[in-house]
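An overview of the molecular structure
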Amino acid sequence: MEFRITADEQRVLFLIVDCLDAGDAPTADELSRAADGDVLRDVASLRAKGWVLVRHIDEHPTVIGLSPMAVAAVRNLRYGRRG
């Protein structure tokens, strides 16, 4: 897992976490609407870096969860610690 993420990726990551915490598996389109801009590139980058798990559901890239290591990393990011 690549621990270095950009500020834009972090913003999208927290949108993803909010959706997942609410019990939703967000599509890239839903995340783009929530972010007021296209975030498909950020979602793909987070996936490539090992942060999120993405599946194509009904031909839409959908974030279905965080990788196990990302869960701990997100907790650290939320509390201002980078690890």
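Here, the structure is the one placed above.
Cut-offs applied
- Residues numbered from 1 in each chain as written.
- Predicted model: local features only at pLDDT ≥ 70, side-chain atom pairs only at ≥ 80, totals over all residues.
- Heavy atoms only, no water.
- Pairing = 2+ DSSP bridges.
- Helix = DSSP H or I, 4+ residues; strand = E, 2+ residues; numbered from the N terminus.
- Patch = residues over 30% accessible without salt bridge, like charges linked within 9 Å, V, L, I, M, F, W, Y side chains within 5 Å.
- Areas by Shrake-Rupley, 256 points an atom, 1.4 Å probe, with all protein chains shown as cover.
- Salt bridge = Lys/Arg side-chain N within 4 Å of Asp/Glu carboxyl O.
- Buried < 20%, exposed > 50% of the residue type's maximum accessible area, 1.4 Å probe, protein only.
- Contact = heavy atoms within 4.5 Å.

As judged from the 6 bridges shared by strand 1 (residues 52-57) and strand 2 (residues 60-66), these two strands associate in the antiparallel manner. In the strand pairing of strand 2, I57 is matched with H60. A loop of 2 residues connects strand 1 with strand 2, the two strands running antiparallel in sequence, and D58 in this loop sits at a positive phi of about 50°.

For the rest of this paragraph, the subject is a nonpolar patch on the surface. A cluster of nonpolar side chains, contributed by M1, F3 and M69, occupies part of the molecular surface with about 270 Å² of accessible area. Among the secondary structure elements, F3 is positioned in the segment before helix 1 (7-21). Among the residues examined, F3 registers a relative accessible area of 38% and is labelled partly exposed.

Further remarks concern the pattern of salt bridges. In this structure the tally under the stated criterion is 1 salt bridge. The partner of E9 in a salt bridge is K49, and the shortest N-O contact between them spans 2.9 Å. On the criterion of sequence distance, the pair formed by E9 in helix 1 and K49 in the loop between helix 3 (40-48) and strand 1 is long-range, its members being 40 residues apart. Owing to a relative accessible area of 4%, E9 belongs among the buried residues under this scheme.

On to unusual backbone geometry, then. Where the residue is not glycine, phi is negative for most of them; where a peptide bond is considered, it is trans in most cases. A positive phi angle, close to 55°, is found at D36, a residue other than glycine. Looking at the secondary structure, you find D36 in the loop between helix 2 (28-35) and helix 3. Here the phi dihedral of E59 falls at roughly 65°; this positive angle occurs in a residue that is not glycine. Note that E59 resides in the loop between strand 1 and strand 2.

For T27, the location among the structural elements is in the loop between helix 1 and helix 2. Since its relative accessible area comes to 15%, T27 is described here as buried. If we ignore the near neighbours within four places in the chain, the residues touching T27 are H60, P61 and T62.

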